[in-house]
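Residues per chain, in single letters:
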Amino acid sequence: MKTLHTSFECYPVAKVGGLADVVGSLPNYQGDLGTNSIVIMPYYDNAFVKKKKSKEIFNGEINFNDTNYHYTILQLQLSKQLFDTYLVRIESLLDREQVYGYEDELNRYLGFQLAVLDWILKEGHSFDVIHCHDHHTSLIPFFINNCYDYNKLKGTPTVLTIHNAQYQGHFSHDKLDLLPSFNFENVGLLDWYGSINPLASGIKCASKVNTVSPSYMEELKENANGLEGLLRSESEKCTGILNGIDTKFWNPETDKMLAKNYKSANVVSGKKANKKELCDRYGFDLNVPLFSFIGRLVGEKSADLLPEAIREALSNYKEISVFILGSGHKEIEDELNALKDEFQGSFNAHIGYDEKLSHLVYAGSDFLLMPSRVEPCGLNQMYSLRYGTIPIVRRTGGLKDTVIDIGDGGFGICHDQASVWDINYSIGRAVELYKDTKTFRRIQKQIMKIDHSWTKSAQEYIDLYKSI
Ligand code: ADP
Ligand code: GLC
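Predicted model only: the values in this text are computed from it and were never measured.

1. Examining the site of ligand 1
- Lining the immediate surroundings of ligand 1 are 20 residues, of which Lys15, Gly18, Asp21, Arg296 and Tyr362 lie closest.
- Contact distances for ligand 1 include 2.8 Å between an oxygen atom and a side-chain N or O atom of Lys15.
- A distance of 2.6 Å separates an oxygen atom of ligand 1 from a polar backbone atom of Gly18.
- Here ligand 1 loses 93% of its free accessible area of 560 Å² to cover by the protein chains.
- Partitioning the shell around ligand 1 into residue classes produces six nonpolar, eight polar and six charged.

2. Thoughts on the site of ligand 2
- As a matter of local geometry, ligand 2 sits amid 13 residues, with His163, Asn243, Glu375, Cys377 and Gly378 nearest to it.
- Contact distances for ligand 2 include 2.7 Å between an oxygen atom and a side-chain N or O atom of His163.
- One of the backbone nitrogen or oxygen atoms of Pro376 is found 3.4 Å away from an oxygen atom of ligand 2.
- Burial of ligand 2 by the surrounding chains reaches 92%, relative to a free accessible area of 310 Å².
- Counting residues per element, the shell around ligand 2 draws most heavily on helix α1 (residues 18–32), which supplies three residues.
- Across the shell around ligand 2, the residue classes tally to six nonpolar, five polar and two charged.
- Two domains each donate at least three residues to the shell around ligand 2, and these are domain 1 (2–244 + 455–467) and domain 2 (264–448).

3. Quick notes on the packing of α1 against helix α16 (residues 455–467)
- For the pair α1 and α16, the least separation of the axes is 9 Å and the interaxial angle reads 75°. Put simply, α1 runs roughly perpendicular to α16. Between α1 and α16, the contacting residues are Leu26, Tyr29 and Gln30 on the first element and Thr455, Ala458, Tyr461, Ile462 and Tyr465 on the second.
- Residue composition of the contact of α1 with α16, grouped by class: six nonpolar, two polar and no charged.

Basis of the calculations
- Residues numbered from 1 in each chain as written.
- Chains lettered and ligands numbered in written order.
- Predicted model: local features only at pLDDT ≥ 70, side-chain atom pairs only at ≥ 80, totals over all residues.
- Heavy atoms only, no water.
- Near = heavy atom within 4 Å.
- Polar contact = N/O pair within 3.5 Å; in protein donor to acceptor, adjacent residues only side chain to side chain.
- Areas by Shrake-Rupley, 256 points an atom, 1.4 Å probe, with all protein chains shown as cover.
- Nonpolar A, V, L, I, M, F, W, Y, C, P; charged D, E, K, R; others polar.
- Helix = DSSP H or I, 4+ residues; strand = E, 2+ residues; numbered from the N terminus.
- Domains from an automatic or database assignment.
- Axes fitted to C-alpha atoms, helices over the stretch in contact; angles between N-to-C directions.
- Parallel < 35°, antiparallel > 145°, perpendicular 65-115°, else oblique.
- Contact = heavy atoms within 4.5 Å.

Below, the structure is given as structure tokens:
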């Protein structure tokens, strides 16, 4: 079976969040199960792409927005990756340093999708499934089934994976002429509540739709930023498939980004060496529990609650340390920076993105905070389990599907509300757990053995492909 993943992110080529981790690992596991999965993504002008060798394999031209865009397809030469990765280069449109955040992002998403389809058509590729990730590539199912230019691809099976339904990519009808021509009777397949909504269109037109955890799919049917009714009416083709993690890459026994490697048998000394590295760098006391947060500083992650929650926690429980690694809303970043002076020695933050540091934080922390308001799956809690760090999560989406509270016979600490009070209550429970050294160590060992590798979910995707 030959499948094409279309995505704006793929680790290690370009990563903003979990989408990159998923697209950078799922195809490998699918390959192990006998599927030929390849990835196509934009060519970014970033350090990684510049450093790597790539081979030009195709040149073509697309026309939209009254402009002819020349595009090139390059094949990346990656030694470690088992799957083939192709890059779409469109000069001055796609080849920029950042993945998102440009004013003309609609043109970037359209240009990419049109170039991918043009390449498939002109090269005569035949894929058993085109797998689209998020709204950036979710117009593909509409294009291949409705646009005259892609008639030959009509009926190609498609899967849309919704990693996050907060972002839908909508734009107004007056931009409709940016799209390739199609039978106007079908314009309803693009529209949702008066605007062109790529995510809604993907849900309507893809052969199958899935979210990245079963609970998130159920939550979306109740509340999906306006798409709940659509997901309910399309529920027959919708499922939830829990993300996995690349356990070969995220492996504390071999991870080169750690201060010391370890496995469950020597978790205590291994984690201590990594914690010491963090404590030395950030001025913490090695003997008190270290709570960390890694992620985008945005409302979805409840990052707006963190400054107050941290202030309260550090006042209530004197003997703890808190560390934040993240970037996002400027106000939250500023508040966190201000807390550094106030709570020197017990609070610190690295504002920014740092892949290497994130590995050290998963390894060196005692607890990982994930009080998310919305969490379609969440990978951090799975990384933290693998590194023996106990997750403290709000019961939502994928967090609900992967973390069971100690009180229910599980291994994590869960709360229900995204509130300062709930976060603090959970930190209080964690402080008590930390004091109970025997139980704390038993859980550390236990969680490192939980299998969240892709094997099972990769098979579920293959079963989904086979069903179409
Ligand atoms: P989301 O995709 O919603 O941001 P996920 O939990 O799925 O959340 O994935 C987040 C990924 O991004 C993880 O690999 C996490 O380690 C990484 N990450 C998030 N913020 C940072 C940061 N500031 N520095 C390094 N890695 C980060
Ligand atoms: C999104 C979600 C996150 C999920 C990731 C990978 O970014 O916010 O919860 O883990 O996609 O699917």
